[in-house]
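Structural features, examined
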Amino acid sequence: MKIAAEITALDVHYQYAASSDLALKNINLKIKPGEFVAIIGPNGSGKSTLAKLFNGLFIPTKGDIIVDGFNTKNKDDIWKIRQRAGMVFQNPDNQIVATIVQEDVAFGPENLGIPPEEIRHRVKEALKTVELADYADKAPHLLSGGQKQRVAIAGILAMKPDCIILDEPTAMLDPVGRKEVITTVKKLNKKEGKTVVLITHFMEEAVCADRVLVMEKGKIVMEGRPNEIFSQVEKLKKLGLDVPQVTELAYQLAKDNVPVQRDILTVGEMVDCLCQLM
Amino acid sequence: MSIDVKNVTHVYMPNTPFESIAIKDINWTVKDGEFWGLIGHTGSGKSTLIQHLNGLLKPTSGEIFINGKNIHSKGVKLKSIRQRVGLVFQYPEHQLFEETIEQDVAFGPKNIGLTEEEIAGRVKEALELVGLSYEKVKDKSPFELSGGQMRRVAIAGVLAMKPEILILDEPTAGLDPRGRDEILEEIVALKQKQKLTVILVSHSMEDVAKLVDKLAVMYHGRIVSQGTPREIFQDYAGLVEKGLGIPQITELMIKMKSKGKNVSSDILTVDEARAEIIKAVRRKGLA
């Protein structure tokens, strides 16, 4: 029987060679096909380690990661896994390898041994999806941060993955760049049906997900829909995390006995809520 | 200490096919004790500009004055400028290199010929200023620390030089919310304690709204506007056009106002919004 989940973690533990502590402990998790999962947590809580286990960059010290039925422990399947689960990292400049946008996007599929005709088609489609079709012949260093990061995403898309894992993809971007990348990620999930795992320190980004996982000290300590998670303002702050400003405002107003919903996540929701009060 | 930037232009690789104008016609005055935020899209020239302020880059044309003195005039030692204008780069933890935290923070002071005793004193003071206990961390390797702590050690290395102006290039990038808030609180406390002039380069509109007295906005190599955060964040559309934005809370209040609600849109923090909304709800209750 094919495992229903796109990515499954079964009792996963991970320990770095140089460390005496476990970086991950007892992780059990199913990420369903087409799901959008955000992972938040303090620095050093194990988010990136977990992401690197999802596509076999790291192999669990104990336990198993199964991607689309393939166990990352099985060396023969590692390329099948990496093709299915592509990763995007924080710094766009470290991920771009070619001097022309379309060559950069072609790098992945070229390494998969895909015929040139098919590569050209994929590159075109991928650039169209990230809305950079007009930039195919440009030099990547002339692009903005948000555009560069979208080129990196296109490079992953050209491998036709089912799942995209993004590790703080907006940490180095300006506000508009951040929006561009998140809009792209949402589109990949909603329109292209890709499974998305987004690691972020920006709480306004995590609210876009179907499900939020909160990590602390190598464990998953909270899990739920964004409104379930972010309405627990005090608990999140105790973990060293935060909530979007509008969620914080709702929390404060509720304390002042203003009848607002406690699980507001976006500006639009807050406007609707306040308009009923005044 | 004050900074005056007069008509500064910087061209990278001039007279080559790769020539590019990084910053153009910059005029900017930072007065003693002010807290400035510098915002702008990626590649707008922020990092190039701040590297001029301690003489790491020399203007292609134009002049930089520190306390009224042109730093590229004869007789000015750039070494002393660099000591007085401390620059904390992006991801400064990548520049840690010594075996122990004490040695790392001591690196700068050692190079300006202080006595052992003075150096030890400065290292201790600098580490405590960034919220690290000297006794606890001095013998540790900087690489054993968390990201936020490593960044503090790197900032301490700059503070140990006793700068009068502190410039920080995105000091909170990649940090979790608590790490971000802690570093920012330490910067505010430092500024007050040491009477520093501070320039904070940031992509976080929320952070600069909360902290700085004045903002300079860069766009394609130029400073296109300067003012208080209140003034700057009123131009939502203009900022988005320039790759920037406004704090989420300001966006909320602008949208409420545009729906015809009787609230001020001149709001920078959650606390201000809370007070404003309570006022409006009460008014409505009485009506």
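To keep things clear, this report deals only with the structure shown in the data block. This structure is a prediction, so every number in the text was calculated from the model and none was measured.

Looking at the overall build of chain A
- The helix and strand inventory of chain A stands at 11 helices and 10 strands.
- Taken over the C-alpha trace, chain A has a radius of gyration of 20 Å; the compact-globule value for 278 residues is 19 Å, and the two agree within 12%.
- If one aligns the C-alpha atoms of chain A with their principal axes, the spans along those axes are about 65 × 45 × 40 Å.
- With 278 residues in all, chain A has 58% of them scored as buried.
- In chain A, the proportion of contacts linking residues at least 24 apart, taken out of those at least 6 apart, comes to 62%.
- Here chain A displays about 12,000 Å² of accessible surface, and carbon together with sulfur accounts for 50% of that area.
- Chain A carries 36 positive and 37 negative side-chain charges, and their two centres are separated by 3 Å.

Some thoughts on the interface of chain B and chain A
- Contacts between the two partners involve 38 residues from chain B, matched on the other side by 41 residues from chain A.
- Here chain B packs against chain A, burying approximately 3,400 Å² in sum over the two surfaces, 62% of which is carbon and sulfur.
- In this structure, the connection of chain B to chain A is made through two salt bridges.
- A salt bridge links Arg-180 of chain B to Asp-242 of chain A; the nearest nitrogen and oxygen atoms lie 2.9 Å apart.
- Here chain B is connected to chain A by 16 residue pairs in polar contact (both at pLDDT 80 or more).
- Classifying every residue of the side of chain B that touches chain A by side-chain character gives 19 nonpolar, nine polar and 10 charged.

Points about helix H3 (residues 101-111) of chain A
All names here are of chain A.
- Every buried residue of H3 is listed here: Val-101, Asp-104, Val-105, Ala-106, Gly-108 and Pro-109.
- Where H3 is buried, its residues meet helix H4 (116-129) and helix H5 (145-157).
- Looking one or two places after H3, you find Gly-113, whose phi comes out positive at around 75°.

A closer look at the nonpolar core
Residues and elements named next belong to chain A.
- Core analysis: the largest hydrophobic core is formed by 49 residues, its most contacted members being Ile-40, Val-105, Leu-127, Val-214, Phe-230 and Leu-236.
- The element that contributes the greatest number of residues to this core is H5, accounting for five residues.
- Leaving out residues up to four positions away in the same chain, Leu-127 has contacts with Val-101, Gln-102, Val-105, Leu-132, Ala-133, Ala-136 and Ala-154.

Comments concerning the environment of Val-267 of chain A
- Along the chain, Val-267 of chain A falls in helix H11 (residues 267-275).
- The buried category is assigned to Val-267 of chain A, whose relative accessible area is 7%.
- In this view, Val-267 of chain A contacts Val-246 of chain A together with Gln-248, Glu-251, Leu-252 and Lys-255 of chain B; residues no more than four positions away in its chain are not counted.

Describing the state of the cysteines
All names here are of chain A.
- In the structure shown here, the tally under the stated rule is zero disulfides over all chains.
- Summary of cysteine pairing: Cys-163 is not part of a disulfide, and the nearest cysteine sulfur, belonging to Cys-208, is at 17 Å.
- Of the cysteine sulfurs around Cys-275, a residue in no disulfide, the closest is that of Cys-273, at 9.3 Å.

Quick word on the pairing of strand E7 (residues 165-169) of chain B
Residue and element names in this part refer to chain B.
- The buried fraction of E7 amounts to five of the five residues, a majority that puts the element mostly inside the structure.
- Taking every second residue as pointing to the same face, both faces of E7 are buried, with Ile-165, Ile-167 and Asp-169 on one and Leu-166 and Leu-168 on the other.
- Here strand E6 (residues 85-88) pairs with E7 via four bridges, running parallel. Following the sheet pairing, Val-85 is matched in E7 by Ile-165.
- When E7 meets strand E8 (residues 197-201), the two strands line up parallel, connected through five bridges. Its bridge partner being in E8, Ile-167 is matched across the sheet by Ile-199.
- Assessed by its sense of winding, the connection that carries the chain from E7 through helix H7 (residues 177-194) to E8 is right-handed.

Digging into the pattern of salt bridges
All names here are of chain A.
- According to the stated counting rule, one finds 29 salt bridges over all chains in the structure shown.
- Residues Glu-118 and Arg-122 are paired through a salt bridge, measuring 2.9 Å at the closest nitrogen-oxygen approach. Of this pair, Glu-118 and Arg-122 both sit in helix H4, four residues apart, which is roughly one turn of the helix.
- For Arg-225, the salt bridge identified is with Glu-228, shortest N-O distance 3.2 Å.
- Note on Arg-225: relative accessible area 47%, which makes it partly exposed.
- Connected via shared salt-bridge partners are Glu-35, Arg-211 and Glu-223.

With respect to the packing of aromatic side chains
- Under the definition given, this model contains five aromatic pairs over all chains.
- When the ring of Tyr-14 of chain A is compared with that of Tyr-16 of chain A, the centres are 5.1 Å apart and the planes differ by 85°; the resulting orientation is edge-to-face.
- For Tyr-14 of chain A, a relative accessible area of 11% gives the class buried.
- Judged by centre distance (5.1 Å) and plane angle (85°), the rings of Phe-97 of chain B and Phe-107 of chain B are edge-to-face. Of this pair, Phe-97 of chain B sits in the loop between E6 and helix H3 (101-111) while Phe-107 of chain B sits in helix H3, and the two are 10 residues apart along the sequence.
- Linked through ring pairs, Tyr-14, Tyr-16 and Phe-58 of chain A together constitute an aromatic cluster.
- Sitting over the ring of Phe-65 of chain B, Lys-6 of chain B keeps its end group 5.2 Å from the ring centre.
- The lysine or arginine in question, Arg-151 of chain B, covers the ring of Tyr-91 of chain B, its NZ or CZ lying 5.2 Å from the ring centre.

Analysis parameters
- Residue positions within a chain follow its written sequence, with the count starting from 1.
- Ligands are numbered from 1 and chains lettered from A, in the order in which they are written.
- It should be noted that, the model being predicted, local features are given only for residues of pLDDT at least 70 and side-chain atom pairs only at 80 or more, the latter also being counted only at that level, while totals for whole chains, interfaces and linings use all residues.
- Hydrogens and waters are ignored; side-chain quantities use all the structure's heavy atoms.
- Here a strand is any run of E in DSSP of at least two residues, a helix any run of H or I of at least four, and the numbering for each starts at the N terminus.
- Only C-alpha atoms enter the radius of gyration; for comparison, a globular chain is expected to reach 2.2 Å times N to the power 0.38, where N is the number of residues.
- To sort residues, take the accessible area from a 1.4 Å probe on protein chains only and compare it with the maximum for the residue type: under 20% means buried, over 50% means exposed, and anything in between is partly exposed.
- Every residue pair with non-hydrogen atoms within 4.5 Å of one another is taken to be in contact.
- Each accessible area is a Shrake-Rupley estimate made with a 1.4 Å probe; only the visible protein chains count as cover when residues are assessed.
- This count recognises Lys and Arg as positive and Asp and Glu as negative, with His and chain-terminal groups excluded.
- A single reference atom marks each charge: NZ on Lys, CZ on Arg, CG on Asp, CD on Glu.
- The quantity reported as buried area is the accessible area (1.4 Å probe) lost by two parts once they are put together, taken as the sum for both.
- Should a side-chain nitrogen of Lys or Arg be within 4 Å of a carboxyl oxygen of Asp or Glu, the pair is scored as a salt bridge.
- N or O atoms within 3.5 Å of each other form a polar contact, as long as, within protein, one can give a hydrogen and the other can take it, and as long as residues adjacent in sequence are counted only when both atoms are side-chain atoms.
- Residues are sorted three ways: Asp, Glu, Lys and Arg are charged, Ala, Val, Leu, Ile, Met, Phe, Trp, Tyr, Cys and Pro are nonpolar, and all the rest, Gly among them, are polar.
- Definition of nonpolar core: a set of buried residues of the types Ala, Val, Leu, Ile, Met, Phe, Trp, Tyr and Cys, connected through side-chain atoms within 4.5 Å.
- Sulfur atoms of two cysteines make up a disulfide when they are within 2.5 Å.
- By the convention used here, strands pair only if DSSP detects at least 2 bridges between them.
- The handedness rule is simple: strands pointing away from the viewer, and a clockwise path from the first strand over the helix to the second, make the crossover right-handed.
- Classification of ring pairs rests on two measures: the distance between centres of Phe, Tyr or Trp rings, Trp counted by its six-membered ring, which must be within 6.5 Å, and the angle between planes, read as stacked under 30 degrees, edge-to-face over 60 and tilted in between.
- Criterion for a charge above a ring: Lys NZ or Arg CZ within 6 Å of the ring centre, and within 35 degrees of the ring normal.

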